[in-house]
Amino acid sequence: MNKEYILEGKLSIEAAIKAKSRRISKIYIDKDKDSRRVREFEKWLGRKGIKTKKVDESLIDDMTKGKTHGGIIAIAGEKNFVSLEKLIKGKENPFIVMLDGIEDPYNFGYAVRSLYLAGVDGVVVNPRNWMEATSIVAKASAGTTELMDMAVAEDISSAAEFFKGKGLEIAATSNKNSVSLYDVDFKKAIFLLIGGEKRGITRSFLDKVDTIISIPYGRSEKISLAATSATSVLAFEMMRQRKYL
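Keep in mind the model is a prediction, meaning the values are calculated, not measured.

Thresholds, definitions, all that
- Residues numbered from 1 in each chain as written.
- Predicted model: local features only at pLDDT ≥ 70, side-chain atom pairs only at ≥ 80, totals over all residues.
- Heavy atoms only, no water.
- Helix = DSSP H or I, 4+ residues; strand = E, 2+ residues; numbered from the N terminus.
- Buried < 20%, exposed > 50% of the residue type's maximum accessible area, 1.4 Å probe, protein only.
- Phe/Tyr/Trp six-rings, centres within 6.5 Å; stacked < 30°, edge-to-face > 60°.
- Expected span 1.5 Å × (residues − 1).
- Contact = heavy atoms within 4.5 Å.
- Pairing = 2+ DSSP bridges.
- Axes fitted to C-alpha atoms, helices over the stretch in contact; angles between N-to-C directions.
- Patch = residues over 30% accessible without salt bridge, like charges linked within 9 Å, V, L, I, M, F, W, Y side chains within 5 Å.
- Areas by Shrake-Rupley, 256 points an atom, 1.4 Å probe, with all protein chains shown as cover.
- Salt bridge = Lys/Arg side-chain N within 4 Å of Asp/Glu carboxyl O.
- pLDDT = per-residue confidence, 0-100.

Quick word on unusual backbone geometry
Now for step 1: In this model, Lys20 sits at a positive phi of 55 degrees, which is unusual for a non-glycine residue.
Now for step 2: Assignment of secondary structure puts Lys20 in the loop between helix 1 (10–19) and strand 2 (24–30).
Now for step 3: Since its relative accessible area comes to 68%, Lys20 is described here as exposed.
Now for step 4: A positive phi angle, close to 50 degrees, is found at Asn177, a residue other than glycine.
Now for step 5: Considering the arrangement of structural elements, one finds Asn177 in the loop between strand 8 (169–173) and strand 9 (179–180).
Now for step 6: Relative accessible area serves as the criterion here: at 69%, Asn177 is assigned to the exposed category.

This is the structure we're talking about:
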């Protein structure tokens, strides 16, 4: 039996429909919501052939974990992941990022939002089933986890081996034996591993990568950026180099 998940809010639902990232079976709308925004969304859904059902707000509240749904939720199927090959197909110099060790679903959503907006070509995740927290991840990412092409790799090494075989440079983030991100050529085809705050990236993997990247700080305190902030800095430096240099 296929599992069902909840998508909360107009942005997440709209993104899933546009990207065809999952099957949408039902959409519930708070019967007391009658704003222009809601009416236009209903018309858009109608043009897509998707029916909605007006229900009491209490039903929507019972099906969700918070109050950020805006009175609109969808019952959806599992997300459609793509293959590693599909992430780079047709891309001249693909920039692929693997997020590993970001445990909090909100942070995972925030990280993907930055990667998507910066123009990253695809995201690789580990087999952990983030979709158990679908509503949180989609909401935190403003729907970009639905829009972004994402693939699953059994482990970091297998993903790196695949992309290296396709001609991508393998890079990872760490402060040891590293080069500043401002000295890295992000115009090349790159597979970049970004690790979370708790576990970091293993030394054995770092020994195999082509480039270890660090973010220089303005102060010498022995603290580091949160993984979500580091992800944003790296992604937008890539965008800056590719668009403006």
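Let's pick the thread back up.
Considering the packing of aromatic side chains
Now for step 1: This structure, assessed with the given rule, holds 4 aromatic pairs.
Now for step 2: Measuring from ring centre to ring centre gives 6.0 Å for Phe41 and Trp44, while their planes differ by 15 degrees; the resulting arrangement is stacked. With Phe41 and Trp44 both in helix 2 (residues 36–47) and 3 residues apart, the pair spans about one turn of that helix.
Now for step 3: Judged by relative accessible area, which is 1%, Phe41 ranks as buried.
Now for step 4: When its relative accessible area of 14% is taken as the criterion, Trp44 is described as buried.
Now for step 5: For the ring pair Phe163 and Phe191, a centre distance of 4.9 Å and an interplane angle of 25 degrees mean the geometry is stacked. Remark: Phe191 occurs in strand 10 (residues 190–195) and Phe163 occurs in helix 8 (residues 156–165); sequence separation between them is 28 residues. For the pair shown, Phe163 and Phe191 are each scored as buried.
Now for step 6: Joined through ring pairs, the aromatic side chains of Phe162, Phe163 and Phe191 make up one cluster.

Some details on helix 10 (residues 227–244)
Now for step 1: If you check helix 10, its first and last C-alpha atoms are 25 Å apart, about what 18 residues at 1.5 Å a residue would give, namely 26 Å.
Now for step 2: Residues of helix 10 that are buried include every one of Ala227, Thr228, Ala230, Thr231, Leu234, Ala235, Glu237, Met238, Met239 and Gln241, and no others.
Now for step 3: Buried-residue contacts for helix 10 involve strand 5 (95–100), helix 5 (105–118), strand 8, strand 10 and strand 11 (211–214).

Side note on the sheet that holds strand 6 (residues 122–125)
Now for step 1: Spatially, 7-6-5-10-8-11-9 is the arrangement adopted by the 7 strands of the open sheet, whose pairing is parallel. The sheet is open, and its two edges are formed by strand 7 (150–152) and strand 9, each paired on a single side.
Now for step 2: Running over the sheet, helix 10 touches strand 5, strand 8, strand 10 and strand 11 and is turned about 160 degrees from strand 10.

Focus: a nonpolar patch on the surface
Now for step 1: A cluster of nonpolar side chains, Tyr116, Leu117, Leu147 and Phe236, forms an exposed patch at the surface whose accessible area comes to about 330 Å².
Now for step 2: With respect to the secondary-structure elements, Phe236 resides in helix 10.
Now for step 3: Taking relative accessible area as the criterion, Phe236 reaches 34% and is therefore assigned partly exposed.

Some remarks on the confidence of the model for the protein
Now for step 1: On average, the protein scores 91 in pLDDT, and the residues at 70 or more come to 96%.
Now for step 2: Ranking the elements of the protein by mean pLDDT puts helix 9 (residues 203–206) last with 79 and helix 4 (residues 84–88) first with 97.

Considerations on the pattern of salt bridges
Once the charged atoms of two side chains with opposite charge are near each other, the side chains can pair.
Now for step 1: Taken as a whole and judged by the stated rule, the model has 10 salt bridges.
Now for step 2: Note that Lys31 is salt-bridged to Asp56, the shortest N-O span being 2.7 Å. With Lys31 in the loop between strand 2 and helix 2 and Asp56 in the loop between strand 3 (53–55) and helix 3 (57–63), this pair connects stretches of sequence that are 25 residues apart.
Now for step 3: The partner of Glu42 in a salt bridge is Lys54, and the shortest N-O contact between them spans 3.3 Å. Residue Glu42 is found in helix 2, and its partner Lys54 is found in strand 3; the two are separated by 12 residues along the sequence.

Comments concerning the pairing of strand 11
Within a regular strand, the side chains alternate between the two sheet faces.
Now for step 1: Because side chains alternate across strand 11, one face comprises the buried residues Thr211 and Ile213, and the other comprises Ile212 and Ser214, equally buried.
Now for step 2: Strand direction decides the pairing type here: strand 8 and strand 11, joined by 3 bridges, are parallel. In the strand pairing of strand 11, Thr173 is matched with Ile213.
Now for step 3: For strand 9 and strand 11, the ladder comprises 2 bridges, and the chain directions are parallel. Residue pairing in the sheet places Val179 in a bridge with Ile213 of strand 11.

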